[in-house]
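Letter by letter, the chains look like this.
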Amino acid sequence: MITGSGTAVRADDFGTLADGTPVHRWTLERDGTRVRVLTYGGIVQSVEVPDRDGVRAPVALGLPDLNGYLAFPGPYFGALVGRYANRIGGAGFELDGRAYRLAPNEGRNQVHGGAGGFDKRVWRAREVADGIELSLVSEDGEEGFPGRLAVRAAYTLEAGGALRIAYRASTDAPTVLNLTNHTYWNLAGAGSGSALGQLLRIAAGRITPVDAESLPTGELLPVAGTRFDFREPVPVGAGYDHNFVLDAPDAGTGPAAELYDAGSGRVLTVTTTEPGLQLYTADHFDGRPFGPCAGVALETQHFPDSPNRPEFPSTVLRPGEEFVSTTVYGFSVR
């Protein structure tokens with residue numbers, strides 16, 4: 001543990017890939033919160049927090065061993081997703097007059113960085129104050145993306161037990177970048193059944209509606225009077241895989257999102273520097289290993305298909321610039 005750090009940090013072995021690459025699990029603990037992070041995929045394997053009676057339980061969906069993550073890659077349980085979180089239509093984009101073809105992995109489109117995205121990589125890890133920092137280098141041309149990209153992601157626990165994930169990246173050639181964490185939350189406890197009865201608030205007055213391929217149409221649709229209106233807490237409900245356009249941080253609307261479970265009293269608050277939040281209710285989970293809607297993903301990110309939508313906030317990163325993004329997951333009870 002680094003001197004002056006308020007977070008207890010330790011590492012242990014978590015298995016070995018078929019090529020012999022070792023995978024480690026890092027445990028961070030502070031003020032009642034315990035988080036476990038894998039070097040494989042930057043995965044948040046577990047988050048344990050107390051309920052209103054002080055009983056600690058896991059609230060993030062995770063798998064017990066490495067083989068589980070290798071067997072069920074599609075749900076992206078807890079993963080660090082990149083180079084581009086969400087979808088890029090037609091698995092391609094144009095940048096500075098040059099067309100780039102990406103590796104498609106969802107029909108004709110690419111989702112979450114392709115079949116060999118960051119969630120399948122083993123990251124280097126080192127201890128830092130209050131947590132760990134993961135790093136990797138994505139070479140020019142990986143999954144079709146231009147530029148040699150250096151990425152760092154720091155997972156730290158703040159006073160009070162909040163989990164902060166802070167990303168930084170730089171490139172040697174113009175590229176696009178969109179990173180997120182893909183944890184599924186169930187504040188009643190992972191494996192306790194459906195999370196749909198939990199109350200959700202999202203500080204967003206608009207969404208980016210999608211077509212049949214789940215690609216944005218380019219519109220910004222007001223949520224008022226629709227099932228997408230989470231500006232006041234309502235039960236989550238099923239059928240969501242949509243990007244919400246977050247209100248400006250100075251709009252006085254509070255955190256980007258808040259999830260509440262009345263049974264346990266647990267509250268999750270999400271604050272972020274990102275302009276969007278993807279709500280995914282995992283309707284298609286088939287019981288292997290979790291049933292439908294067993295958790296709610298709240299993915300802070302830029303908008304889907306932004307490289308093909310110049311009207312959306314830009315995801316372009318150029319040499320000499322630094323990509324910086326931070327999301328904080330706070331935990332409390334009421």
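The structure this text deals with has already been given above.
Remember, predicted model here, so these are calculated numbers, not experimental data.

**Q** Teacher, can you tell me more about the nonpolar core here?
**A** Soluble, globular proteins show a tendency: their nonpolar side chains are buried together. Core analysis: the largest hydrophobic core is formed by 56 residues, its most contacted members being Val-47, Tyr-155, Trp-185, Ile-202, Leu-268, Leu-279 and Leu-298. Take this core: its biggest share by element is five residues, from strand S13 (residues 149-157). Contact partners of Ile-202, with chain neighbours within four places excluded, come to Phe-230, Arg-231, Phe-244, Leu-246, Ala-256, Ala-257, Leu-277 and Leu-279. If you look at the next biggest cluster of nonpolar residues, it comprises 23 residues, including Val-23, Leu-61, Leu-66 and Ala-282.

**Q** Would you explain the sheet that holds strand S2 (residues 22-30) in this entry?
**A** Hydrogen bonds along the backbone pair up the strands of a sheet, which may run parallel or antiparallel. Pairing within the open sheet is antiparallel, and its five strands lie in the order S1-S2-S3-S4-S5. The outermost strands of the open sheet, each flanked by one partner alone, are strand S1 (8-16) and strand S5 (56-58). This sheet shows a mean twist of 15 degrees between the axes of neighbouring strands, independent of strand direction. Direction of pairing for strand S3 (residues 33-38) relative to strand S4 (residues 44-50): antiparallel, over a ladder of four bridges. Residue Val-37 lies in a different strand from S4, and its bridge partner there is Val-44.

**Q** Please clarify how the pattern of salt bridges should be interpreted in this entry.
**A** For side chains bearing opposite charge, pairing can occur when the charged atoms are close. With the rule as written, the count across this model stands at 23 salt bridges. A salt bridge links Arg-30 to Asp-31; the shortest N-O distance between them is 3.9 Å. Note on Arg-30: relative accessible area 16%, which makes it buried. Among the salt bridges present, the one from Asp-96 reaches Arg-318, with a minimum N-O distance of 2.8 Å. Placement of the pair is Asp-96 in the loop between strand S8 (92-95) and strand S9 (98-101) and Arg-318 in the loop between strand S27 (316-317) and strand S28 (323-333), with a sequence separation of 222 residues. With a relative accessible area of 53%, Asp-96 lands in the exposed category. Of the residues examined, Arg-318 reaches a relative accessible area of 31% and is grouped as partly exposed. One salt-bridge network, held together by shared partners, links Glu-29, Arg-34, Arg-36, Glu-48 and Arg-56.

Basis of the calculations
Numbering of residues begins from 1 in every chain and follows the order in which that chain's sequence is written. Residue-level local features of this predicted model are given only where pLDDT is at least 70; pairs of side-chain atoms are given and counted only at 80 or more, and the full residue set underlies all totals for whole chains, interfaces and linings. Hydrogen atoms and water are omitted, and side-chain values are computed over all heavy atoms in the structure. Throughout this description, the term nonpolar core refers to a set of buried Ala, Val, Leu, Ile, Met, Phe, Trp, Tyr and Cys residues connected via side-chain atoms within 4.5 Å. Residue burial is assigned from relative accessible area. The probe radius is 1.4 Å, only protein chains are included, and a residue is buried under 20% of its type maximum, exposed over 50%, and partly exposed in between. Under the scheme used here, helices are H or I runs from DSSP no shorter than 4 residues and strands are E runs no shorter than 2 residues, and both carry numbers assigned from the N terminus. Note on definitions: a residue-residue contact is assigned when non-hydrogen atoms from the two residues lie within 4.5 Å. Two strands make a pair as long as DSSP finds a minimum of two bridges between them. Structural elements are reduced to axes, namely lines fitted to C-alpha atoms, with helices fitted over the stretch in contact, and the angle between N-to-C directions of any two is expressed from 0 to 180 degrees. When a carboxyl oxygen of Asp or Glu lies within 4 Å of a side-chain nitrogen of Lys or Arg, that pair is called a salt bridge.

All we've got here are geometric facts, nothing functional implied.
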